[in-house]
Amino acid sequence: MRRLPVYILIQTSGAMRGEPIEAIKVGLETMVTSLRQDPFALESVYISIITFNRHPEQILSLTELENMQIPTIKQPEAAGTHLGEALKFVCQKMDDEVILSTPERKGDWMPLLFIMCNGSVSDPPLFDEAVAKIKERHFGSIVVCLVGAKPRTENVKQFTDKIVNLDTTDGATFRQFFKWVSASVSVGNRSVGATDEILLPPPPPEVHTVI
């Protein structure tokens, strides 16, 4: 069975500290429970979780859905939102972990990338480099969920047009967001390879599309 790699990148500094991080963990558990009810996802979805502040860290390597356990998400005291370094790290992990197709075998489906951040960038030069690297990779879809009172939409628009915003950062809202993520993953599991662009399901009322 071909794998569908799903990378989840979570900012742990700034606007994400405190209640949002705790709510994200609840949301992730909701997502995993939902995906496990989908036989197609259960057979093919592999999930990796990467957190970032000043530095990125892969807290869950690419793991099959059946054996996945939600890891502890640490909340650093230090400030800094190095989104550029984080995106570059995702590219490195994708290069290392995703199996490419060859004439002899079929590789993985095109990976999906979900990013939760406030859009701030503390490393502008590296961010510009990382945007170019992200565009060179063949992601099936890149979705950014902006969190916080004053998200920096203009930064994330440089590498994706699939941007959403949450009304609040409580547990109920994050559960709805991750239910939508699980639905999007299930759609991706069926459509990646058939088309270059995945048509995501409409988000719930708590999740607003940014134009």
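Everything discussed here concerns the structure shown above.
Fair warning: this is a prediction, and the values are worked out from it, not measured in the lab. (Residues numbered from 1 in each chain as written. Predicted model: local features only at pLDDT ≥ 70, side-chain atom pairs only at ≥ 80, totals over all residues. Heavy atoms only, no water.)

(A) Quick look at the overall build of the protein. Summing up its helical and strand segments, the protein has six helices and seven strands in all. Ordered by position from the N terminus, the helices and strands of the protein form the series β-α-α-β-β-α-β-α-β-α-β-α-β. By the compact-globule yardstick of 17 Å for 211 residues, the protein fits well, its C-alpha radius of gyration being 16 Å. Overall size of the protein, expressed as C-alpha extent along the three principal axes, is 45 × 35 × 35 Å. Taken as a whole, the protein presents about 9,800 Å² of accessible surface, with 51% of it coming from carbon and sulfur. The protein carries 21 positive and 26 negative side-chain charges, and their two centres are separated by 1 Å. (Helix = DSSP H or I, 4+ residues; strand = E, 2+ residues; numbered from the N terminus. Rg over C-alpha atoms; globule rule 2.2 N^0.38 Å. Areas by Shrake-Rupley, 256 points an atom, 1.4 Å probe, with all protein chains shown as cover. Lys, Arg positive; Asp, Glu negative; His and termini not counted. Charge placed at Lys NZ, Arg CZ, Asp CG, Glu CD.)

(B) Representation of helix α3 (residues 83-97) in the model. If you check α3, its first and last C-alpha atoms are 21 Å apart, about what 15 residues at 1.5 Å a residue would give, namely 21 Å. For α3, every residue scored as buried is listed here: L83, G84, A86, L87, F89, V90, C91, M94 and E97. Those residues of α3 that are buried lie in contact with β1 (4-11), β2 (45-52), β3 (56-64), β4 (112-117), α4 (124-136) and α5 (153-156). (Expected span 1.5 Å × (residues − 1). Buried < 20%, exposed > 50% of the residue type's maximum accessible area, 1.4 Å probe, protein only. Contact = heavy atoms within 4.5 Å.)

(C) Structural context of the packing of aromatic side chains. For the coordinates displayed, the defined rule picks out three aromatic pairs. When the ring of F177 is compared with that of F178, the centres are 5.1 Å apart and the planes differ by 75 degrees; the resulting orientation is edge-to-face. Consider the rings of F177 and W180, whose centres lie 6.1 Å apart with planes at 50 degrees: the pair is tilted. Residue F177 and its partner W180 are located together in helix α6 (residues 171-191), separated by three residues, close to a single helical turn. Given a relative accessible area of 2%, F177 falls into the buried group. On the basis of relative accessibility, which here comes to 6%, the residue W180 falls in the buried class. An aromatic cluster is present here, built from F177, F178 and W180 joined pairwise through their rings. The ring of W109 has R2 sitting right over it, with the charged end atom 3.9 Å from the ring centre. One Lys or Arg, R3, reaches over the ring of Y46 and ends 5.1 Å from the middle of that ring. (Phe/Tyr/Trp six-rings, centres within 6.5 Å; stacked < 30°, edge-to-face > 60°. Lys NZ or Arg CZ within 6 Å of the ring centre and 35° of its normal.)

(D) Main features of the packing of α3 against α4. Between α3 and α4, whose axes approach to 7 Å, the crossing angle comes to 30 degrees. Classified by the angle their axes make, α3 and α4 are roughly parallel. Here α3 runs over α4; the crossing is left-handed. Residue-level inspection shows L83, G84, E85, L87, K88 and C91 of α3 in contact with α4, the latter providing L126, F127, A130, K133 and I134. In terms of residue class, the contact of α3 with α4 is built from seven nonpolar, one polar and three charged. (Axes fitted to C-alpha atoms, helices over the stretch in contact; angles between N-to-C directions. Parallel < 35°, antiparallel > 145°, perpendicular 65-115°, else oblique. Left-handed = near helix turned anticlockwise from the far one by under 90°. Nonpolar A, V, L, I, M, F, W, Y, C, P; charged D, E, K, R; others polar.)

Note that all results are geometric; they support no functional claim without further evidence.
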